[in-house]
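# Inside the fold
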Amino acid sequence: MQLQKTQDMVDSFEKIPVSIHAGLKQGAAAVAQEIASLIRSKQAKNENCVLGLATGSTPKSLYAELVRLHKQEGLSFKNVITFNLDEYYPIEPDALQSYNRFMHVNLFDHIDIDPKNIHIPNGEIPKEKIKAHCIQYEELIDQAGGIDLQILGIGNNGHIGFNEPGSSIFSKTRLVTLDNSTRIANSYEFATFSQVPRLAITMGISTIMKARRIILMAWGPAKAPVVQKAVEGHVDEQIPASLLQQHNDVSFVLDETSAAELTRYKYPWLTGEMDWTPALVRKAVVNMALKANKPILSLTNNDYRDHGLSELLVEEGDAYEINLKVYYMMRDTITGWPGGKPNANLPNHPERSEPYPKRCVIFSPHPDDDIISMGGTFQRLHDQGHDVHVAYQTSGNIAVTDEFVTRFMDFAVGFEEMFGIDSSKSNEILSQARAYLKNKKSNEIDTADIRAIKGLIRRCEAKATCRYVGLSDNNYHFQNLPFYETGTIEKKPMGEEDVLVTMELLRKLQPQQIYCAGDLADPHGTHKVCLEIVFEAMRRLKEANEPWVKDCWMWLYKGAWQEWDIAEIEMAVPMSPDQVMKKRHGIFIHQSQKDMVPFQGSDSREFWQRAEDRNSNTANLYAQLGLTKYAAMEAFVRWHY
Ligand code: F6R
């Protein structure tokens with residue numbers, strides 16, 4: 001695991017040793033093993049082990065594994081001294097978003113570390129004492145003998161700790177202002193953007209660089225571009241993680257998705273001999289066409305050579321032949337018949353013609369993902385006579401504002417009063433909710449009543465959308481999966497109940513087509529857990545030899561945040577301008593999600609805008625490649641389970 005700078009690196013584009021794992025669990029397990037052996041080897045020598053620790057979504061899986069090693073394999077942390085990288089400022093230590101609380105909840109409360117060995121910058125210290133506090137923090141690290149192993153995550157802007165772009169390699173522990181992009185990225189933890197602190201105390205880059213060994217972990221596709229820059233780019237203070245290239249014992253531990261932009265994956269033909277599968281040929285040619293800004297059919301032998309693909313020419317013949325092959329592959333992904341075209345024999349069509357009609361289940365993690373991410377396809381499936389069902393996996397209740405829920409309660413009271421219905425109960429609920437919300441702190445969870453009403457609001461919006469598409473009332477199903485019901489951004493992992501509820505629905509419906517939000521590597525997301533639940537349910541149903549399972553195809557759409565890589569798409573469903581408008585209005589039905597949505601994350605566009613930008617972008621890419629130009633396209637990848 002501990003890669004040193006080797007001959008391999010000299011021959012590659014990578015300037016930092018990386019180890020790439022199938023998923024974040026495997027990556028985290030490997031890092032946990034390294035930490036465990038370090039702790040044990042220090043124990044054997046009667047020495048302390050000094051760890052530098054990070055927070056955020058990235059190290060959660062690592063801490064979970066360390067807790068497991070402690071509980072199940074007796075790993076003791078008695079000789080461990082920790083120094084955390086950073087803390088928001090100002091923040092109370094028990095605030096929901098404080099890193100102090102994070103560390104206790106995720107690690108310290110579950111292991112046998114001596115509390116006096118834990119060090120976290122103090123987010124409550126008076127401003128005039130911060131300088132002294134930071135100097136003391138550095139001294140404490142020195143007194144402990146320096147950091148043996150520093151764990152890092154990486155921000156989308158390349159920050160390490162809260163050393164934002166522009167931080168000097170000589171920087172020490174200090175108070176810093178957070179980049180706007182960092183505040184936006186971390187806003188998912190706070191109810192509103194304005195609540196995200198503007199300041200933080202962070203170890204400096206020089207503090208980090210003094211660690212004897214450094215491991216930076218990164219998971220998920222959102223980190224892929226910055227990982228590529230840090231690993232393959234120049235040393236640049238604008239990408240603070242690239243400064244790690246100057247450390248002599250650093251590794252990046254990645255999963256396959258965060259490594260995806262490295263040249264070895266993105267343009268593997270530039271890094272050595274290739275085994276040219278059709279998928280790789282497609283990827284290489286599509287990439288080249290987009291880079292050269294030429295339609296596929298206009299690429300020449302010279303283009304192939306200029307883009308490092310002469311080896312492909314040698315293996316597959318002339319550019320014209322390869323172009324045609326890839327052009328047809330792309331063409332065959334386009335269909336206006338997502339449920340298959342009835343009575344037609346189309347061997348290269350993405351879906352089967354038979355059976356017709358199909359029973360389709362759209363799994364929608366939140367109550368609006370169906371319409372946002374595949375509204376056009378949803379409508380087509382219904383219009384083309386398929387029996388379309390939607391399974392709303394979670395209640396989505398945390399994403400409704402307090403103002404919105406009060407407005408609806410007020411409506412309920414008014415409604416009852418208008419029709420002479422006894423409104424004393426609803427009045428009581430309204431005044432209790434008002435009183436609670438008035439004094440609600442940012443670390444407080446809504447009452448069960450308020451959460452339930454927020455869920456109801458979203459359920460009504462989802463029902464209205466289904467009716468707008470034309471579905472009957474029997475065709476939507478609210479699963480309210482328990483893993484989601486924590487009342488906070490932090491969700492539980494997939495549980496048995498989640499799987500059983502999903503198996504039951506699938507058994508009842510016995511679909512021939514399933515659509516799921518395929519956010520395979522969304523590190524802190526509800527979508528990923530929702531997907532795991534469907535995978536697990538299908539795995540068990542397959543194992544139980546349910547006969548319908550072998551004829552059920554699963555298609556993955558991407559959630560609101562991204563789109564599939566153009567070279568991966570296996571089904572692209574075009575939309576006319578009218579269909580785009582119809583979808584837009586379907587998204588508008590989700591009024592609670594318009595404008596100021598809590599926990600919206602780093603993209604300030606509204607959901608309908610994201611959906612339209614992304615669907616027209618896909619259509620434009622197809623057009624750029626020389627295929628027909630549509631107004632918009634929704635994209636899917638087939639999952640073989
Ligand atoms: C956290 C820290 C930050 C995070 C980085 C990535 O202690 O110092 O540098 O590691 O912002 O955050 P996540 O892991 O949430 O993507």
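Let us look at the structure shown here. Given the structure is predicted, the values throughout are model-derived calculations rather than measurements. (Residues numbered from 1 in each chain as written. Predicted model: local features only at pLDDT ≥ 70, side-chain atom pairs only at ≥ 80, totals over all residues. Heavy atoms only, no water.)

## Observations regarding the packing of aromatic side chains
Inspection of every chain in the model, using the stated rule, returns 18 aromatic pairs. Their ring planes at 20° and their centres at 4.6 Å tell us that phenylalanine 535 and tryptophan 639 sit as a pair that is stacked. Within this pair, whereas phenylalanine 535 is found in helix α19 (residues 526-543), its partner tryptophan 639 is found in strand β17 (residues 632-639), the two being separated by 104 residues in sequence. Following the ring pairs from residue to residue traces out a cluster consisting of Tyr88, Tyr99 and Phe162. Positioned above the aromatic ring of tryptophan 564, the side-chain terminus of lysine 558 is 4.3 Å from the ring centre. Over the ring of tryptophan 553 we find arginine 638; its NZ or CZ atom is 3.5 Å from the centre of that ring. (Phe/Tyr/Trp six-rings, centres within 6.5 Å; stacked < 30°, edge-to-face > 60°. Helix = DSSP H or I, 4+ residues; strand = E, 2+ residues; numbered from the N terminus. Lys NZ or Arg CZ within 6 Å of the ring centre and 35° of its normal.)

## Description of the pairing of strand β4 (residues 86-89)
Burial of the side chains of β4 extends over both faces: Asp86 and Tyr88 are buried on one face and Glu87 and Tyr89 on the other. In this sheet, strand β8 (residues 199-202) lies alongside β4 in antiparallel orientation, the contact comprising four bridges. Bridge pairing links glutamate 87 to isoleucine 201 in β8. (Buried < 20%, exposed > 50% of the residue type's maximum accessible area, 1.4 Å probe, protein only. Pairing = 2+ DSSP bridges.)

## Focus on the side chain of histidine 389
Take histidine 389: it is sitting in strand β12 (residues 387-392). Given the relative accessible area of 6%, histidine 389 is considered buried. Of the polar contacts made by the side chain of histidine 389, one reaches the side chain of aspartate 387; its length is 3.4 Å. Here the side chain of histidine 389 touches histidine 477 through a polar contact of 2.9 Å, side chain to side chain. Beyond its immediate chain neighbours, meaning those up to four positions away, histidine 389 contacts Arg359, Cys360, Val361, Ile362, Asn474, Asn475, His477 and Leu509. (Polar contact = N/O pair within 3.5 Å; in protein donor to acceptor, adjacent residues only side chain to side chain. Contact = heavy atoms within 4.5 Å.)

## Description of the sheet that holds β8
Taken in spatial order, the three strands of this open sheet run β4-β8-β7, and their pairing is antiparallel. On the outer flanks of this sheet lie β4 and β7 (174-177), each paired with one strand and no other. Averaged over all pairs of adjacent strands, the angle between their axes in this sheet comes to 30°, without regard to strand direction. (Axes fitted to C-alpha atoms, helices over the stretch in contact; angles between N-to-C directions.)

## Quick look at the site of the ligand
Taken together, 14 residues form the shell around the ligand, and within it Thr58, Asp86, His159, Gly161 and Lys223 come nearest. Contact between the ligand and threonine 58: an oxygen atom at 2.4 Å from a side-chain N or O atom of the residue. Notes on the ligand: free accessible area 410 Å², of which the protein chains cover 94%. Per-class residue counts for the shell around the ligand are four nonpolar, eight polar and two charged. (Near = heavy atom within 4 Å. Areas by Shrake-Rupley, 256 points an atom, 1.4 Å probe, with all protein chains shown as cover. Nonpolar A, V, L, I, M, F, W, Y, C, P; charged D, E, K, R; others polar.)

## Considerations on the nonpolar core
With 54 residues, the main nonpolar core has Trp276, Val285, Tyr304, Met330, Met538 and Tyr622 as its most contacted residues. Counting residues per element, this core draws most heavily on helix α10 (residues 278-292), which supplies seven residues. For valine 285, the residues in contact, after removing those within four places along its chain, are Ile296, Leu299, Tyr304, Leu312, Ile322 and Val326. Counting residues in hydrophobic clusters, the runner-up holds 35 residues, among them Ile16, Ile169, Ala218 and Leu254. (Core = buried A, V, L, I, M, F, W, Y, C linked by side-chain atoms within 4.5 Å.)

## Examining helix α18 (residues 496-509)
Between its first and last C-alpha, α18 extends 20 Å over 14 residues, near the 20 Å set by a 1.5 Å rise per residue. At the C-terminal side of α18, glutamine 510 shows a positive phi close to 45°. (Expected span 1.5 Å × (residues − 1).)

## Things to note about the packing of α18 against α19
The contact between α18 and α19 brings their axes to 9 Å, and the two run at 60°. On the basis of their axis angle, the class for α18 and α19 is oblique. The element α18 and its partner α19 pack so that their crossing is right-handed. In contact with Glu496, Asp498, Val499, Leu500, Thr502, Met503, Leu506 and Arg507 of α18, α19 contributes Ile533, Val534, Glu536, Ala537, Met538, Arg540 and Leu541. Taken together, the residues that form the contact of α18 with α19 break down as nine nonpolar, one polar and five charged. (Parallel < 35°, antiparallel > 145°, perpendicular 65-115°, else oblique. Left-handed = near helix turned anticlockwise from the far one by under 90°.)

## With respect to the sheet that holds strand β11 (residues 359-364)
The strand order β13-β12-β11-β14-β15-β17-β16 describes an open sheet built from seven strands, whose pairing is mixed. Each having just a single partner strand, β13 (476-478) and β16 (571-575) make up the two edges of the open sheet. Here the average twist between neighbouring strands, direction ignored, is 25°. One ladder, built from three bridges, connects β11 with strand β14 (residues 513-517); its direction is parallel. Across the sheet, valine 361 pairs through a bridge with isoleucine 514, a residue of β14.

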